[in-house]
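Single-letter residue listing:
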Amino acid sequence: MFQYDFKRPLTLPQIERIRWHLFPEIRIGDRQTTLFSDFEEKGGGQAAPETIPDLIRVLDLEQETLARNLGSGHRVIHGVAGSGKTLILGYRCVHLAEMLRKPILVLCYNITLAARLRSFIAERKLEGRVNVHHFHEWCSEQLRTYHVQVPDSDGKFFERQVEAVIQGVDAGRIPRAQYGAIMIDEGHDFEPEWLKLVTQMVDPATDSLLLLYDDAQSIYRKSRGLDFSLSSVGIKAAAGRTSILRLNYRNTREILQFACDFASQFMGAKAADDDHIPMILPETGGASGPGPAFRQFASIGEEIAYATKCLKAWHERGDFLGDIAVICMKPDHGKRIAHQLQALGIPHLLMATRSGKRAYDPRKHQVNILSVQSSKGLEFRSVIFIGLGQIDTSETQAAQNMKLLYVGMTRAKERLLITASGRNEFTERLSAISGALCAVA
């Protein structure tokens, strides 16, 4: 832009600061560093002094290019937790909504993630042009719209719904090519039959499909990794159409290292060809912050009392409650937390039912209480993760439950508190990792 030859070239942080001001759409969000144990050390409401972050968190050049210039056709973005996959999807919607005649369909597995995506779309006034559903909700809508009955059989109702949609499409009762573009978030939780069904819904004239994937967060499919080829389900993503995002922006270095150390047994990097998706290990792009805290108690009642004490202190300090989550391993734990917060008059949302999950709105001033499964795809500044002493650590369940804990831990952007009562293989592992971090500090 300038003809003048400046004596001092801009440093990379200065360039990032300029980009932050020029392109507000690529901002990830400001940080506020606070110690997790402020209320313990200072007796409650006093906040730790704010520090100016040493990193302005913006999408890096690779992500910015992806969000703006994905191009036409089928695309796959394989990104680690916290790499900005959902943010890229959101801005892809904004970009395509201006260009396409037919509506855009956004699908995910979780009800709560669908609620978060709807909030993003509503803020940009794109309702009607962008339709957001969790997969089974979309199946239900298709059956209702085209008057297709769910057949009677011994299978689960949700499974019969999916089968009815597949049969309806094959018979021509449900039309193909309904959407100008389709975007699938958390694609690692989709079965191959679902993906094969969804790919038929893209208008061939535009043929725009985006699949977002992270094998390390696959908690619903029993098989490890992608055990089918993308081409077998109609996704044409070979020949340079797959992008890999290794950099985690969401978590502090300390939280990401803690989660990876805990889950290292199943997170080995795995190669794959162009038609499959590999497992990749995350790299950190976040700033430093307080280390995760692990607390051991004698009973679940003590865990809940301690968690409630934390929430009360943050509420009195004036923290925004929508940025706080309590992740529970057992439904009863969430109900007990909600009961305690109700008695204290602290606003909260218990996502124990379908209506509770659909009511999730990150903009509301309320503590979010949810299961680890419902937390997938979401992020919060502070996370309290309770009930880890009640987890099944048997050989048949250990790997799957370790993935669940990894997903829960990586929901926390800045502060992570994990509690347990009782002892098992996981609590011993967490205690050892926590002790090692304290020793290093």
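What this report covers is the structure whose coordinates are included nearby.

## Quick look at helix 11 (residues 331-344)
Three or four residues apart is the spacing at which side chains of an α-helix point the same way, because the helix has 3.6 residues per turn.
Okay, so step 1: With 14 residues, helix 11 extends 21 Å between its outermost C-alpha atoms, agreeing within 8% with the 20 Å of an ideal straight helix rising 1.5 Å per residue.
Okay, so step 2: On its buried side, helix 11 packs onto helix 10 (300-317), strand 10 (324-328), strand 11 (348-350), strand 12 (367-371) and strand 13 (380-386).
Okay, so step 3: G345 lies just past helix 11 and shows a positive phi near 75°.

## Structural notes on unusual backbone geometry
Okay, so step 1: With a phi close to 55°, K125 is a non-glycine residue in the positive phi region.
Okay, so step 2: Among the secondary structure elements, K125 is positioned in the loop between helix 5 (111-123) and strand 3 (130-134).
Okay, so step 3: If you check the backbone angles, A177 has positive phi at about 55° while not being a glycine.
Okay, so step 4: The residue A177 is located in the loop between helix 7 (157-170) and strand 4 (181-184) in this model.

## Describing the packing of aromatic side chains
Okay, so step 1: Following the criterion strictly, the structure yields 10 aromatic pairs and no others.
Okay, so step 2: What links up through ring pairs into an aromatic cluster is the set Y109, F135, W138, F190 and W194.
Okay, so step 3: Across from the ring centre of W314, 4.3 Å away, lies the NZ or CZ of R415, which sits over that ring.
Okay, so step 4: Over the aromatic face of F262 sits the side chain of R429, whose NZ or CZ is 6.0 Å from the ring centroid.

## Side note on the sheet that holds strand 3
Strand pairs in the sheet, formed through backbone hydrogen bonds, run parallel or antiparallel to each other.
Okay, so step 1: The six strands are arranged 3-2-4-5-1-6 in an open sheet whose pairing can be described as parallel. Of all the strands in the sheet, just strand 3 and strand 6 (242-245) have a single pairing partner and so form its edges. Going across the sheet, the axis of each strand differs from the next one's by a mean of 15°, ignoring polarity.
Okay, so step 2: Sheet analysis places strand 2 (residues 104-108) next to strand 4, joined by four bridges and oriented parallel. Across the sheet, residue L107 finds its bridge partner in strand 4, namely I184.
Okay, so step 3: Along the sheet, helix 6 (residues 135-145) contacts strand 2 and strand 3; its crossing angle with strand 3, the most-contacted strand, is approximately 110°.

## Re the sheet that holds strand 10
Okay, so step 1: Spatially, six strands are ordered 9-14-13-10-12-11 in an open sheet, and the strand pairing comes out parallel. Bordering the open sheet on either side are strand 9 (293-297) and strand 11, each of which pairs with just one other strand. Adjacent strand axes in the sheet meet at a mean angle of 20° when their direction is disregarded.
Okay, so step 2: Each of strand 10, strand 13 and strand 14 (412-421) is contacted by helix 13 (residues 398-409), which is oriented at about 145° to strand 13, the strand it contacts most.

The rules we used
Residues numbered from 1 in each chain as written. Predicted model: local features only at pLDDT ≥ 70, side-chain atom pairs only at ≥ 80, totals over all residues. Heavy atoms only, no water. Helix = DSSP H or I, 4+ residues; strand = E, 2+ residues; numbered from the N terminus. Expected span 1.5 Å × (residues − 1). Contact = heavy atoms within 4.5 Å. Phe/Tyr/Trp six-rings, centres within 6.5 Å; stacked < 30°, edge-to-face > 60°. Lys NZ or Arg CZ within 6 Å of the ring centre and 35° of its normal. Pairing = 2+ DSSP bridges. Axes fitted to C-alpha atoms, helices over the stretch in contact; angles between N-to-C directions.

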